[in-house]
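A closer look at the structure
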Amino acid sequence: RQWLILVVWVATLAVTAAVTYTTRPIFESSAMIIIEKERGSGAVYANGAMVESKNDDYYKTQYQLLQSNSLMEKVYAALHMEASEEFGQPHGVAKLQAATRIDPLRGTRLVHIRAKSFDPKTAARIANTVSDTFVAENLSNQLFISKEVLQTLQVSRNDPGARRMYESLPTV
């Protein structure tokens, strides 16, 4: 029975070596961002309505935005991934989403954006571009809301509620 044990051991060793040498390595890169909630108790819209939001809802929304199709499509286009062997068509954006993971650090406002790829430079470019695109979109959204409020203030200078709306402008 020694021969049987030896044959099984050699076969196991050979299969393990073959799998180890033929498997492509997957690299993971990470970027960290901080998500700050806007000042004030809520958001002001052009009609003067105030919308309250709790911290949990706000941060969960931000995490969903980090994983959204629209953000991933922008990252995909910015990195010209349609020509990529790993993330090319069909379903390139879906492949990119599957390779990207959002990990909030519990008890903090910090979020890790992790990206996996067969190429370490591609993994780093994905993580960095997701974080840069998210920050740029957040800034753009805050500027848009501020412009809306400013337009409302200019139209309604004599309105007693104008002062309240001015104080609720997000800090950019």
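Above this text is the structure in question.
The structure contained in this document is the topic of the report that follows. (Residues numbered from 1 in each chain as written. Predicted model: local features only at pLDDT ≥ 70, side-chain atom pairs only at ≥ 80, totals over all residues. Heavy atoms only, no water.)

1. Here's the deal with a nonpolar patch on the surface
Under the convention used in this document: By definition, no residue in a patch forms a salt bridge, and every one has over 30% relative accessible area; like charges are joined within 9 Å, nonpolar side chains (Val, Leu, Ile, Met, Phe, Trp, Tyr) within 5 Å. To be clear on the numbers: accessible area is Shrake-Rupley with a 1.4 Å probe, and residue cover counts the displayed protein chains and nothing else. For this document, the term salt bridge refers to a Lys or Arg side-chain nitrogen within 4 Å of an Asp or Glu carboxyl oxygen. To qualify as a helix, a DSSP run of H or I must reach at least 4 residues; to qualify as a strand, a run of E must reach at least 2; elements of each kind are numbered from the N terminus. Note on classification: 1.4 Å probe, protein chains only; a residue is buried when its accessible area is under 20% of the maximum for its type, exposed when over 50%, partly exposed between these limits.
A surface patch of nonpolar side chains, amounting to about 610 Å² of accessible area, comprises Trp3, Leu6, Trp9, Val10 and Leu13. Considering the arrangement of structural elements, one finds Trp9 in helix H1 (residues 2-22). Taking relative accessible area as the criterion, Trp9 reaches 55% and is therefore assigned exposed.

2. Some remarks on the environment of Pro120
Along the chain, Pro120 falls in helix H5 (residues 120-155). What makes Pro120 partly exposed here is its relative accessible area of 41%. Remark: the alpha-carbon pair of Pro120 and Ile26, spanning 94 residues in sequence, is separated by 8.0 Å.

3. Thoughts on the packing of aromatic side chains
Selection rule: We call Phe, Tyr and Trp rings a pair once their centres come within 6.5 Å, taking the six-membered ring for Trp, and we label the pair stacked below 30 degrees between planes, edge-to-face above 60, and tilted otherwise. Only Lys NZ and Arg CZ are tested; either one counts as a charge over a ring when it is within 6 Å of the ring centre and within 35 degrees of the ring normal.
Taken as a whole and assessed by the stated rule, the structure comprises one aromatic pair. For the ring pair Tyr58 and Tyr59, a centre distance of 5.3 Å and an interplane angle of 80° mean the geometry is edge-to-face. A relative accessible area of 15% places Tyr59 in the buried class. In this structure, Arg24 packs its charged tip against the face of Phe118, placed 3.9 Å from the ring centre.

4. A few points about the pattern of salt bridges
If the charged atoms of two oppositely charged side chains come close together, the side chains can form a pair. Counted under the stated rule, the structure contains six salt bridges. Linking Arg101 and Glu28 is a salt bridge whose minimum nitrogen-to-oxygen distance equals 3.6 Å. Linking Arg101 in strand E4 (residues 100-104) with Glu28 in strand E1 (residues 27-34), this pair joins segments that are 73 residues apart in sequence. Beyond isolated ion pairs, a larger network of salt bridges with shared partners links Glu28, Arg101, Asp103 and Arg114.

5. A few points about the packing of helix H3 (residues 69-78) against helix H4 (residues 92-99)
Rules: Lines fitted to C-alpha atoms define the axes here, with helix axes fitted over just the stretch in contact, and angles between the N-to-C directions of these axes take values from 0 to 180 degrees. Oblique is the label for any angle not under 35 degrees, not over 145, and not in the 65 to 115 range, which are roughly parallel, roughly antiparallel and roughly perpendicular in turn. Working rule for contacts: check all heavy atoms of both residues, and any pair within 4.5 Å makes them a contact.
Interhelical geometry of H3 versus H4 gives an angle of 105° and a closest axis separation of 9 Å. Relative to H4, H3 is oriented roughly perpendicular. Along the contact surface, H3 presents Asn69, Met72, Glu73, Val75 and Tyr76, while H4 presents Gly92, Val93, Leu96 and Gln97.

6. Some details on the sheet that holds E1
Condition: Pairing between two strands requires that DSSP report at least two bridges joining them.
Ordered in space as E1-E5-E4, the three strands form an open sheet in which the pairing is antiparallel. Lying at the two open borders of the sheet, with one neighbouring strand each, are E1 and E4. Neighbour-to-neighbour, the strand axes of the sheet open up by a mean angle of 20°, direction not taken into account. Bridge count between E4 and strand E5 (residues 110-117): five bridges; the pairing is antiparallel. When the bridges of E5 are listed, Thr100 appears paired with Ala115.

7. Considering the nonpolar core
One broad trend across soluble globular proteins is that nonpolar side chains are buried collectively. In plain terms, the rule: Among buried residues, the Ala, Val, Leu, Ile, Met, Phe, Trp, Tyr and Cys ones that are joined through side-chain atoms within 4.5 Å form a nonpolar core.
Among the nonpolar cores identified, the biggest contains 25 residues, and Ile35, Leu66, Leu96, Ile126 and Val130 are the most heavily contacted of them. Going through the elements one at a time, E1, helix H2 (55-66), H3, H4, E5 and H5 are the ones with two or more residues in this core. Excluding its chain neighbours within four sequence positions, the residues that come into contact with Ile35 are Tyr58, Tyr59, Gln62, Tyr63, Leu66, Arg109, Val111 and Phe134.

8. Some points on the side chain of Ser29
Note on placement: Ser29 falls in strand E1. Judged by relative accessible area, which is 14%, Ser29 ranks as buried. Setting aside residues up to four positions removed in sequence, Ser29 forms contacts with Ile113, Arg114, Ala115, Ala123, Ala124 and Ala127.

9. Some words on H3
Quick note on the threshold: Directions pointing from the helix axis toward each C-beta atom define the arc.
Leu71, Met72, Val75 and Tyr76 are the residues of H3 that are buried. Relative to the axis of H3, the buried residues are bounded by an arc of 135° and lie together on one face. Immediately downstream of H3, the backbone of His80 shows phi near 50°, a positive value.

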